[in-house]
Structure formats: C-alpha cells, structure tokens
Amino acid sequence: MPDTLNIAKLGFQKTLKNKVFCEGVGLHTGNNTQIKILPADVNSGITFIREDLNKDRKIVASYKNVCDTKLGTTIENNAGHKVHTIEHLMSAFMGLRIDNADVILSGSEVPIMDGSAKVFLDLISSAGIKEQFAKKKVIKVLKEVSFSQNNSSIIAVPSDNFSIDYMIDFDDPAIGVQRQKITLLANTFDEEIGSARTFGMLNEVEYMHQNGLALGGSINNAIVVDNGKILNPEGLRFKDEFVRHKILDLCGDIYLSGFHIIGSIVAKCAGHEVNNKFLWELFSDKSNYEVIEENNIITQEEISFAVA
Ligand SMILES: [Zn+2]
C-alpha cells in the first residue's frame, strides 16, 4: 500500500531515537561548522538553534522565515539571525518523514558535506527513527495552484500521492534537457533522490570564488560542469543526477511548509526562490488545501487501536 495513504489515515509523527553529529565546511561561508540533530517533542517541527549566539538563537524552519534564496535557502528569525543552506538537511527530514527535530549549529550554515542529502540520511537512519503519539501534519492539495516567473514554474494538482515531475533545460550539453518523475513512497527518496549532488558551471564557480561567494564550494561537494564535460573524476551517480538534485532541493524547500503534502507537483526550471514563492501562493488561499487532522493529539482509544 502506498505509504502516503497511510500518512493520511493513521500516520504518526516521527523524530530521531538518538542524537547525531556531523561537521563540515559551509558552501556559502566556507566556515567549518558542527551540527547536532536531536529528537524533539510532538508538534514542535524542525528548529535550528545557533549555539554560537547568546540570545535569540532559535530559527524556525518555516517558509515564512526564508530571507534569501540566491545560493541556497537561508532562513532568519526576528532578531536577524540566519542559517544558510538548510535545504539538503530539510530534504533528508522530508524523505525520512521526520516531523520533529532540533538542529544545533556551531555557526551560521549547515555543512554541505558531499553536496547531497546522503550523509544526513545515513546519520539519521543510523540513529533510528521513533514514532510519537501524535498524528502527522498533512495537507492535501484541493485545486490547481501554480506559480511562474520567467521560464520557471511550479504547478500542484490534487492527487492521492505525493509526486514530483520535474524538467530542467540547460544550455550546457552535459546537462541539456532532463525530466524525471518520482512518486515518493517508502524508501524511494533515499534510493532515487537523496544522493544526487548539487552542481555548478566551472565559469560560474570561478566567478563566485573571485567575488567571495560559494567559498566552500569545490569538486568534493558539487558536480562541476564545463562545456559538455563533467570535471569530477568519479563522474555522475545517476545519468540524470542534475534533475534528481533539483527534486531534492524542491522537497527540502517545500518541507518548509511544515506539512507533508498530498498532491502532484509539476516543476519546470525552478529554483529556491520559485519554490518559496510557490508555498506563499499555496497558503494565500485556504480553499487551495485541506489540513488533515488539525487537532492531532491522539486519544487513548486511538493509541490502543493503533497498537492493536
Ligand atoms: Zn541543492
């Protein structure tokens, strides 16, 4: 049975069984950062906590807190404190159906690791995942919702599953036109999307480095493309790794909704900015969606039913 249907019927919120730790360089800042991912209470969602700050350390993972989308997705709290490049970790949370977690950072950026969500997926899986006694927060798309800007677009339509059909079109022949459709059921995220790496063109990477941007970016954490050639000696992990990474980014960005989404999404040449604007469009009209189980603390009878 597709597990999205289980989510709609009787899905429990999930968190980690144990805390996990990793460290690495930030793509944006070039700084080394340590992160700890800790279990969190029901209905608390995903919270980033900057332990390098004395106060106003919490930054809630919400689309409303997105303040910059240029080199990745950055969120900010009311005090102006930021966390950069949250999208791959958010994507791992979405892919593993983690509802609640606290992410403690020693600095202002989530480490880029290998450029995909693979390290985060492996770490969280190795810590174990536990179900909590509250129903998952799920929204169902009720009618077509779309956002478009220049050549980019995202359209969501009602469906019984969560699927993404994504198309990209790059001038460089090493990428070109790629299209991938994935219905996100149990394990498909980890196997088909989670290890797809971010990418950049050599001339853009050189330009950014000269201008003090993407200081942590290298061939160790991104696919680098130059006029039809892949410069990474190990080559690609998937023939269409580029479009798969765009799906990974979209999953992470739309998980800033705070909900698992039931609906079918068609995206074309989108990016972090369009992903965020799509969520504002979705939530701009309450008739676009239905929240399933708004009052979601489970009663004693439901616990015995669920355990039976
Ligand atoms: Zn990415």
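Up top is the structure these notes are about.
Calculation notes
- Residues numbered from 1 in each chain as written.
- Predicted model: local features only at pLDDT ≥ 70, side-chain atom pairs only at ≥ 80, totals over all residues.
- Heavy atoms only, no water.
- Donors = N, O, S within 2.8 Å, 3.2 Å for Na, K, Ca; no water.
- Tetrahedral: all angles 85-135°; square planar, octahedral: opposite > 155°, others 65-115°.
- Helix = DSSP H or I, 4+ residues; strand = E, 2+ residues; numbered from the N terminus.
- Salt bridge = Lys/Arg side-chain N within 4 Å of Asp/Glu carboxyl O.
- Polar contact = N/O pair within 3.5 Å; in protein donor to acceptor, adjacent residues only side chain to side chain.
- Contact = heavy atoms within 4.5 Å.
- Axes fitted to C-alpha atoms, helices over the stretch in contact; angles between N-to-C directions.
- Parallel < 35°, antiparallel > 145°, perpendicular 65-115°, else oblique.
- Left-handed = near helix turned anticlockwise from the far one by under 90°.
- Nonpolar A, V, L, I, M, F, W, Y, C, P; charged D, E, K, R; others polar.
- Pairing = 2+ DSSP bridges.
- Buried < 20%, exposed > 50% of the residue type's maximum accessible area, 1.4 Å probe, protein only.
- Phe/Tyr/Trp six-rings, centres within 6.5 Å; stacked < 30°, edge-to-face > 60°.

**A short note on the coordination of the zinc ion**
Phase 1: Surrounding the zinc ion are the protein donor atoms H88 (NE2), H245 (NE2), D249 (OD) and D249 (OD), at 2.1 to 2.7 Å.
Phase 2: Its 4 donor atoms give the zinc ion angles of 53 to 149° at the centre, a pattern that matches the irregular case.
Phase 3: If you list the donors of the zinc ion from N- to C-terminus, the spacing comes out as H-x156-H-x3-D. A residue pair is termed long-range when its members are at least 10 positions apart, and H88 in helix α2 (residues 87–95) and D249 in helix α6 (residues 241–254) qualify at 161 residues.

**So, the pattern of salt bridges**
Phase 1: Under the criterion given, the structure shown has 13 salt bridges.
Phase 2: For R197, the salt bridge identified is with E234, shortest N-O distance 2.7 Å. Highlighted residues: R197 in the loop between α4 (188–192) and β16 (199–201) and E234 in the loop between β18 (229–230) and α6, separated in sequence by 37 residues.
Phase 3: Ionic pairing is found between E241 and R197, a salt bridge with its closest N-O pair at 2.8 Å. Of this pair, E241 sits in helix α6 while R197 sits in the loop between α4 and β16, placing them 44 residues apart in sequence.

**Let's talk about the side chain of T73**
Phase 1: As for its placement among the helices and strands, T73 is situated in the loop between β6 (66–68) and β7 (74–76).
Phase 2: Separated by 3.2 Å, the side chains of T73 and H272 make a polar contact.
Phase 3: Not counting chain neighbours up to four residues away, the residues in contact with T73 comprise V66, D68, V83, H84, T85, I86, E87, D253, L256 and H272.

**Considering the packing of α2 against helix α3 (residues 118–127)**
Helix-helix packing is characterised by the crossing angle of the two axes and by the distance between the axes.
Phase 1: Interhelical geometry of α2 versus α3 gives an angle of 40° and a closest axis separation of 9 Å. Comparing their axes, α3 and α2 come out oblique. For the pair α2 and α3, the sense of crossing is right-handed. Residues H88, L89, A92 and F93 of α2 form the contact with α3, whose participating residues are F120, L121 and I124.
Phase 2: A per-class count over the contact of α2 with α3 returns 6 nonpolar, 1 polar and no charged.

**So, the sheet that holds β16**
Phase 1: Strand order in the open sheet formed by 3 strands is β16-β17-β18, with mixed pairing between adjacent strands. Edge positions in the sheet fall to β16 and β18, since each has one partner strand and no second.
Phase 2: In terms of strand pairing, β16 meets strand β17 (residues 223–226) through 3 bridges, oriented parallel. Looking at the pairing, G200 lines up with V224 of β17.
Phase 3: Strands in contact with α6 are β16, β17 and β18; relative to β17, the strand with the most contacts, it is inclined by about 130°.

**Some remarks on unusual backbone geometry**
Phase 1: Even without a glycine there, the phi angle at M113 is positive, about 55°.
Phase 2: Inspection of the secondary structure assignment puts M113 in the loop between β9 (101–105) and α3.
Phase 3: Owing to a relative accessible area of 21%, M113 belongs among the partly exposed residues under this scheme.
Phase 4: In this structure, N150 takes a positive phi of about 55° despite not being glycine.
Phase 5: In this fold, N150 is placed in the loop between β12 (145–149) and β13 (152–157).
Phase 6: Taking the relative accessible area as the measure of exposure, N150 reaches 79% and is therefore exposed.

**As for the pairing of β12**
Phase 1: Relative to β13, β12 runs antiparallel, the two being bridged by 5 bridges. Across the sheet, the residue bridging to S146 is I155, located in β13.
Phase 2: Hairpin connection from β12 to β13: 2 residues lie between these consecutive antiparallel strands, with N150 at a positive phi of about 55°.

**Observations concerning the packing of aromatic side chains**
Two aromatic rings, taken as a pair, are described by how far apart their centres are and by the angle between their planes.
Phase 1: One pass over the structure, following the stated rule, counts 7 aromatic pairs.
Phase 2: Aromatic pair Y63 and F283: ring centres 5.1 Å apart, planes at 20°, arrangement stacked. Of this pair, Y63 sits in the loop between β5 (58–60) and β6 while F283 sits in helix α7 (residues 272–283), placing them 220 residues apart in sequence.
Phase 3: Residue classification places Y63 among the buried residues on the basis of a relative accessible area of 8%.
Phase 4: Note on F283: relative accessible area 16%, which makes it buried.
Phase 5: Taken together, a centroid distance of 5.6 Å and an interplanar angle of 75° make the contact between F170 and F199 edge-to-face. Taken together, the residues F170 in the loop between β14 (162–169) and β15 (177–183) and F199 in strand β16 connect sequence positions 29 residues apart.
Phase 6: For F199, a relative accessible area of 17% gives the class buried.

Keep in mind these numbers describe shape, not what the thing actually does.
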